[in-house]
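Residues per chain, in single letters:
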Amino acid sequence: MSAPEPLPTDVHDLEIKDAQLIFKSVWDRLEEEVGHENLRFPKELILLGGAPGAGKGTHTRFVMKARGLTCPPIVISDLLVTPEAAAIKDAGGMVGDKEVISILLRRLLHEEFRDGAVLDGFPRTGVQVECLKLLVDRIDQLYTEFAETPLAINFRRPTIHAMVLFVTEKTSIERQLFRGQQIAAHNREVEETGIGKILPLRTTDLSEDAARRRYRVFKEKTWDALQSLKEIYHYHFINAEGPIEEVEANIVKELQYQSSMELDPRTYDRLQPLPLAEEIVIHARQLLVKRLDSYELEHTATFIRCVDVIQEKFMPIIKRHALSGRAHVNSEDALFQDPLALSMLIDIFAERGYHAVVDKHIQEIPVRLDLQTGEIHRKEKTVFRVQINFKGSPIRRG
Ligand SMILES: Nc1ncnc2c1ncn2[C@@H]1O[C@H](COP(=O)(O)OP(=O)(O)O)[C@@H](O)[C@H]1O
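Thresholds applied
- Residues numbered from 1 in each chain as written.
- Predicted model: local features only at pLDDT ≥ 70, side-chain atom pairs only at ≥ 80, totals over all residues.
- Heavy atoms only, no water.
- Pairing = 2+ DSSP bridges.
- Helix = DSSP H or I, 4+ residues; strand = E, 2+ residues; numbered from the N terminus.
- Axes fitted to C-alpha atoms, helices over the stretch in contact; angles between N-to-C directions.
- Contact = heavy atoms within 4.5 Å.
- Salt bridge = Lys/Arg side-chain N within 4 Å of Asp/Glu carboxyl O.
- Buried < 20%, exposed > 50% of the residue type's maximum accessible area, 1.4 Å probe, protein only.
- Near = heavy atom within 4 Å.
- Polar contact = N/O pair within 3.5 Å; in protein donor to acceptor, adjacent residues only side chain to side chain.
- Areas by Shrake-Rupley, 256 points an atom, 1.4 Å probe, with all protein chains shown as cover.
- Nonpolar A, V, L, I, M, F, W, Y, C, P; charged D, E, K, R; others polar.
- Lys, Arg positive; Asp, Glu negative; His and termini not counted.
- Left-handed = near helix turned anticlockwise from the far one by under 90°.
- Phe/Tyr/Trp six-rings, centres within 6.5 Å; stacked < 30°, edge-to-face > 60°.

The strand order β6-β8-β7 describes an open sheet built from three strands, whose pairing is antiparallel. Two strands bound the open sheet, and with one partner strand each, they are β6 (326-331) and β7 (355-369). In this sheet, neighbouring strand axes are inclined to one another by 25° on average, regardless of whether the strands run parallel or antiparallel. Where β7 and strand β8 (residues 376-389) come together, 14 bridges link them in antiparallel fashion. Counted as the bridge partner of histidine 355 is asparagine 389 from β8. Contacts between helix α12 (residues 300-320) and the sheet are confined to β6 and β8, with β6 contributing the most and set at about 150° to the helix. This element, helix α13 (residues 339-351), spans β7 and β8 of the sheet and lies at about 140° to β7.

The strand order β2-β3-β1-β4-β5 describes an open sheet built from five strands, whose pairing is parallel. Each edge of the open sheet is held by one strand with a lone partner, namely β2 (74-75) and β5 (234-239). Bridging between strand β1 (residues 44-50) and strand β4 (residues 159-166) involves seven bridges; their strand directions are parallel. Each bridged residue has a counterpart across the sheet, and for glycine 49 the counterpart in β4 is valine 164.

Okay, the pattern of salt bridges next. Proximity of charged atoms lets side chains of opposite charge pair with each other. Counted according to the given criterion, the structure contains 19 salt bridges. Ionic pairing is found between arginine 385 and aspartate 359, a salt bridge with its closest N-O pair at 3.1 Å. Note that arginine 385 is positioned in strand β8 and aspartate 359 in strand β7, a separation of 26 residues in sequence. Taking the relative accessible area as the measure of exposure, aspartate 359 reaches 36% and is therefore partly exposed. Through salt bridges with shared partners, one network takes in Glu169, Glu208, Arg212 and Arg216.

Turning to the site of the ligand, a few remarks are in order. Surrounding the ligand, one finds 16 residues, the nearest of these being Gly53, Lys56, Thr58, Arg179 and Gly242. Within the contact set of the ligand, an oxygen atom lies 3.2 Å away from a backbone nitrogen or oxygen of alanine 54. In the model, an oxygen atom of the ligand is placed 2.9 Å from a nitrogen or oxygen of the glutamine 182 side chain. Within the complex, 83% of the 560 Å² of free accessible area of the ligand lies under protein. Counting only elements with at least two residues in the shell around the ligand, the list comes to α2 (56-67), α7 (169-193) and α9 (244-262). Broken down by element, the shell around the ligand gets its largest block of residues, four residues, from α7. Looking at the shell around the ligand, its residues break down into seven nonpolar, six polar and three charged.

We now examine the side chain of glutamate 254. As for its placement among the helices and strands, glutamate 254 is situated in helix α9. For the buried glutamate 254, no salt bridge exists, and the shortest N-O distance to an oppositely charged side chain is 8.1 Å, to lysine 253. Once you skip the residues sitting within four places of it in the chain, glutamate 254 turns out to touch Tyr235, His236, Phe237 and Ile238.

This paragraph deals with the side chain of aspartate 347. Here aspartate 347 shows up in helix α13. Setting aside its immediate chain neighbours within four residues, aspartate 347 contacts Leu288, Arg291, Leu292 and Tyr295.

This next bit is on the packing of helix α5 (residues 97-108) against helix α6 (residues 126-146). A pair of packed helices is captured by two measures, namely the crossing angle of their axes and the spacing between those axes. Between α5 and α6, the shortest axis-to-axis distance is 10 Å and the interhelical angle comes to 35°. In the packing of α5 onto α6, the handedness of the crossing is right-handed. Contact residues: Asp97, Val100, Ile101, Leu105 and Leu108 in α5; Val127, Gln128, Cys131 and Leu135 in α6. When grouped by side-chain class, the residues that make up the contact of α5 with α6 number seven nonpolar, one polar and one charged.

What the rule picks out here adds up to 14 aromatic pairs. Residues phenylalanine 23 and tryptophan 27 carry aromatic rings whose centres are separated by 5.5 Å and whose planes lie at 20° to one another, so their mutual orientation is stacked. Here the residue phenylalanine 23 and the residue tryptophan 27 both occupy positions in helix α1 (residues 11-34), the gap between them amounting to four residues, near one helical turn. For the pair shown, phenylalanine 23 and tryptophan 27 are each scored as buried. One aromatic cluster in this structure is built from Phe314, Phe336, Phe349, Tyr354, Phe384 and Phe390.

Turning our attention to unusual backbone geometry. In this chain, phenylalanine 122 is followed by proline 123 through a cis amide linkage whose omega measures -5°. Along the chain, proline 123 falls in the loop between β3 (117-120) and α6.

Below, the discussion takes up the environment of aspartate 78. Assignment of secondary structure puts aspartate 78 in helix α3 (residues 76-79). On the accessibility criterion, aspartate 78 (52% relative accessible area) is exposed. For the pair aspartate 78 and glycine 121, spaced 43 residues apart in sequence, the C-alpha separation works out to 10.0 Å.

Below you can see the structure in the form of C-alpha cells.
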C-alpha cells in the first residue's frame, strides 16, 4: 500500500499552491487578452538578485553587455507604481506576488525582449520562484507545440540564469544610505540650477532603521528563494563586497565559467588557451604604453624617424580626410623595412587615437628587356600601404 499524499502543511507546499492559483489566473487572463499565438516570451532570462544596495542596478548594464543584450533592463520595483505599491515600498515591505507576476508577464511580452531580458529584483519570494518555474514550463510547452510550424522562431526554448550579488548586512545598509545621499544631493542641485532631472528617491534610503528593515525583509523572504534557484537554473553567486571593478571582474569570471558549463568539456579545453577579448582589452592600453616608452628609451633614433615621417608624409594626407575618417597612404620609405619601425607606426597611431593597418606590397617593375632572349628583367619595389581609420567629423554636407 502506498503512503497517502501528505497534506500541504509546510510553507513550501503552501507556496506551491499559492503560486499555482496566482499563475493560472494571470496566465489565463493574459492569454485571453493577447491570444495564444502571441504568448511570446524571451529566449533568455537573466535574474539579478541580491540584498538592497548589493549593486544590482549598478551592474545591470555590465551584465547585459557581457550577454550581448541591448534592450532596457526590467527593474521590477520601477514597475510597481500604483499608490498602494508605493506605500508598501516606502515602508520597506514587499508588494503582493499577484501584482508582481501580472505586471511582469505582460512586460515580458514586449517585442524588444524577444532575445532576452534582465530582471532586476525578481524573484523575491518563494511564491515568485514557483511562478517562474510555471512560466518556464509553459514556455517549454509552447516551444514543443510550435516546433514544426512557421511560427517556431517565436517560441524558442528558454535559458535561465540566476545571478546573485552577495553583500553583508553592513554593506547593504551602507550602500542604501550612500545611494540616498547621492540622489538627495543630485536632486538638490537640479532644484537649484534647474538643470537635469529629479531622480526618484527611496524613503528607505534615507534612514538607517528603514534600510536595516529592508535588508531584514530580504534576508527573511528573499534569500532562501534565491538559493532555491540553484537547483534548477544556471546559478552564479557573485561576491559583491568589493569595489565596482572587482565585482565586474567576478562577474566576468563567472560568465566565463558558465561558458565552460554550456560547452562540452573537451571543446572548452580546446578553446581555453585563447584569451577572452575582455582580457586583452583590459591589458592592451598598459602594454601599448610600455612599448611606446621602450621605443623612446631603447630605439630612440628609429622612433624619432618614425615620428618625423608620420608628421611630414602622413599627417597632411590624413588631415585632408578628416571628414571621412579614413585615409590611405603609400610609403616606399626604407625605414619600414625594419619590422620594429612598422610596429612603431601602428603603436604611435593607436596612441593618438587612430587605427592603422599596414599591408606590405611587393611590386615587380620591368627595368630592361633583353632583345636577344626576349627576357624581361625586373626590379622589386616594396610599397607599404597604410590605411588609417579614425573618428571622422559627424558634419556632412547635403
Ligand atoms: N561594488 C560597489 N562598491 C561601492 N559602491 C557600490 C558598489 N556597488 C554599488 N555601489 C553603490 O551602492 C549603491 C546601491 O547600489 P544599487 O546598484 O542601486 O543597488 P541595488 O540595485 O542592488 O539595490 C549605489 O549608490 C551604488 O553606486
